[in-house]
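Below are the chains, spelled out letter by letter.
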Amino acid sequence: MTGGTEQTSVLITNARVLDVEGAAYLEDRNLLIVDDTIAEIGGHEVGALRDSDVIDAGGRTVLPGLIDAHVHVTASTADLSTLGEWSPSYVAARASHILRDMLHRGFTTVRDVGGADHGLADAVHEGYFPGPRLLFGGKAISQTGGHGDMRPMDRVVTDAHPCRATISVVCDGADEMRKAAREQLRTGAHHVKLMLSGGVASPTDRVDSTQLSLEEIRAVVEEAEAANRYVAGHAYTARAVNRALRCGVRSIEHGNLLDETSVELFSKHGAFYVPTLITYRALAEEGLRYGLPPGSHRKVSEVLDHGLHALELAHRGGIDIVFGTDLLGGMHPHQAREFDLRAEVQPALDVIRSATSVAARLVGLPGRIGEITPGAHADILMVEGDPLQDITVLSRPDKHLKLVLKAGRVMR
């Protein structure tokens, strides 16, 4: 756990460092890490401090810790309606295992877009739970009958108690939306999540629906911007995506049914696109096994086949694309397989950037995460192989990942 003041240092020697923005390897580098920060990078002139731990990379590839910008770490079941019935302490205990396993796959920062709160983030930061740096948004905001409303058709009563371990809160009208956004921001949320269209996991809405009025969306965008934060928006169709972008939503999650007009708006507004391809593959194959209701499982096919086409449009349009997975329940172990799916469309370097430097810009931490440079957090991976030539170096961490440092500490 954190708390000591004694300085620690690590020297990594003989490393082949991937400069993700420079698109080049820096050969035979030494990296000096002091406490949680990269202090120096260079040749053999960079040496150890007194009592430094020394790690010989042996010429292996060293790259920045990975960032997954769309996770739900409390979603230990694919039946999201049941989370609110579970004890929050039980949900947190199961989340701790999900977080640990993400870290062991090389993800040193994750952005939770519905479910995680300041308590989980603090527990990870203070060392009670091993896990990635957790950037949380609190509860996502949904309209009645929207993607965050998990009631079946025959249930009328809602229980909005803040201690329920749900991933979302339901409200209607600009004033309620403002208050809900302020509640998340009050707890230190890094962003606010809006449900802007129907979705797969929700029981009563259509995937092709649009949700929230323009006034409601703008109210939340205003609140987030006033707090120097931003809005992430769940949206599938071009109509839902385009409404959000025009209202100032900074990142679009999923977007499987976007079109060329959407790509133009991404560029115009400087927004980020976060596809989550692996979740649809996993839901189709294993969703029922891990609790996805049959009605939700039938919706998967509506979006599954369109994801790669949307990614191709976005890549061809040159917009900022960020790595995200959105896995639920027992499907979390498929997290790294997202690299394989992205590589069907994008060059390996662009896929790696989406999980490092581009993701860092989305979450407002460029220069601190997603790159190996002096002054950055010492989030560092060592792998066997060349990920620029073979993306399975990252999609198969069980085989290729040899070392994980998060904030200067060896985690695997």
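Predicted model only: the values in this text are computed from it and were never measured.

If you tally the helices and strands in the protein, you get 14 helices and 18 strands. The C-alpha atoms of the protein give 21 Å as radius of gyration, which agrees with the globular expectation for 412 residues (22 Å, within 12%). Seen through its principal axes, the protein has C-alpha atoms that stretch 65 × 45 × 45 Å. Scored against the burial criterion, the 412 residues of the protein give a buried share of 56%. Excluding contacts between residues fewer than 6 apart, the proportion of contacts in the protein whose partners are at least 24 apart in sequence is 69%. Of the accessible surface of the protein, which amounts to about 16500 Å², a share of 48% is contributed by carbon and sulfur atoms. Taking the 42 positively charged and 55 negatively charged side chains of the protein as two groups, their mean positions are separated by 2 Å.

Attention now goes to unusual backbone geometry. Despite not being glycine, D28 shows a phi value in the positive range, around 50 degrees. Here the phi dihedral of L212 falls at roughly 75 degrees; this positive angle occurs in a residue that is not glycine. Within the secondary structure, L212 sits in the loop between β11 (192–195) and α4 (214–226). For L212, a relative accessible area of 4% translates into the label buried.

On the basis of which strands lie adjacent, the open sheet formed by three strands has the order β6-β7-β8 and parallel pairing. The open sheet has two free edges, formed respectively by β6 (66–71) and β8 (133–136), since each of these has just one partner strand. Across the sheet, the axes of successive neighbouring strands diverge by a mean angle of 15 degrees, strand direction being ignored. Bridging between β6 and strand β7 (residues 107–112) involves four bridges; their strand directions are parallel.

Owing to its 3.6 residues per turn, the α-helix brings residues three or four apart onto one side. Helix length check: α4 (13 residues) gives 18 Å between terminal C-alpha atoms against 18 Å at 1.5 Å per residue, within 8%. Restricting attention to buried positions, one finds in α4 the residues E216, I217, A219, V220, V221, E223 and A224. In this structure, the buried residues of α4 make contact with α3 (174–186), β11, β12 (231–237) and α5 (238–246). Positive backbone phi, approximately 55 degrees, marks N228, located one or two places after α4.

Here we come to the pairing of strand β5 (residues 61–64). Across two bridges, strand β1 (residues 9–19) lies against β5 in parallel orientation. In the strand pairing of β5, V17 is matched with V62. Relative to strand β16 (residues 380–383), β5 is paired through four bridges, and the arrangement is antiparallel. Its bridge partner being in β16, V62 is matched across the sheet by M382.

Throughout the structure, instances matching the rule amount to 19 salt bridges. For the salt bridge of R111 with E253, the shortest nitrogen-to-oxygen distance reads 2.9 Å. Remark: E253 occurs in strand β13 (residues 251–257) and R111 occurs in strand β7; sequence separation between them is 142 residues. The two residues R111 and E253 agree in class, both being buried. One salt bridge in this structure joins R178 and E222, with 2.7 Å as the shortest N-O distance.

Below, the discussion takes up the side chain of T166. Along the chain, T166 falls in the loop between β9 (140–142) and β10 (168–170). For T166, a relative accessible area of 16% translates into the label buried. Separated by 3.2 Å, the side chain of T166 and the backbone oxygen of S168 make a polar contact. Sequence-distant contacts of T166, that is, excluding residues within four places in its chain, are made with G84, G115 and K139.

Cut-offs and rules
- Residues numbered from 1 in each chain as written.
- Predicted model: local features only at pLDDT ≥ 70, side-chain atom pairs only at ≥ 80, totals over all residues.
- Heavy atoms only, no water.
- Helix = DSSP H or I, 4+ residues; strand = E, 2+ residues; numbered from the N terminus.
- Rg over C-alpha atoms; globule rule 2.2 N^0.38 Å.
- Buried < 20%, exposed > 50% of the residue type's maximum accessible area, 1.4 Å probe, protein only.
- Contact = heavy atoms within 4.5 Å.
- Areas by Shrake-Rupley, 256 points an atom, 1.4 Å probe, with all protein chains shown as cover.
- Lys, Arg positive; Asp, Glu negative; His and termini not counted.
- Charge placed at Lys NZ, Arg CZ, Asp CG, Glu CD.
- Pairing = 2+ DSSP bridges.
- Axes fitted to C-alpha atoms, helices over the stretch in contact; angles between N-to-C directions.
- Expected span 1.5 Å × (residues − 1).
- Salt bridge = Lys/Arg side-chain N within 4 Å of Asp/Glu carboxyl O.
- Polar contact = N/O pair within 3.5 Å; in protein donor to acceptor, adjacent residues only side chain to side chain.

In short, shape yes, function no, at least from these values alone.
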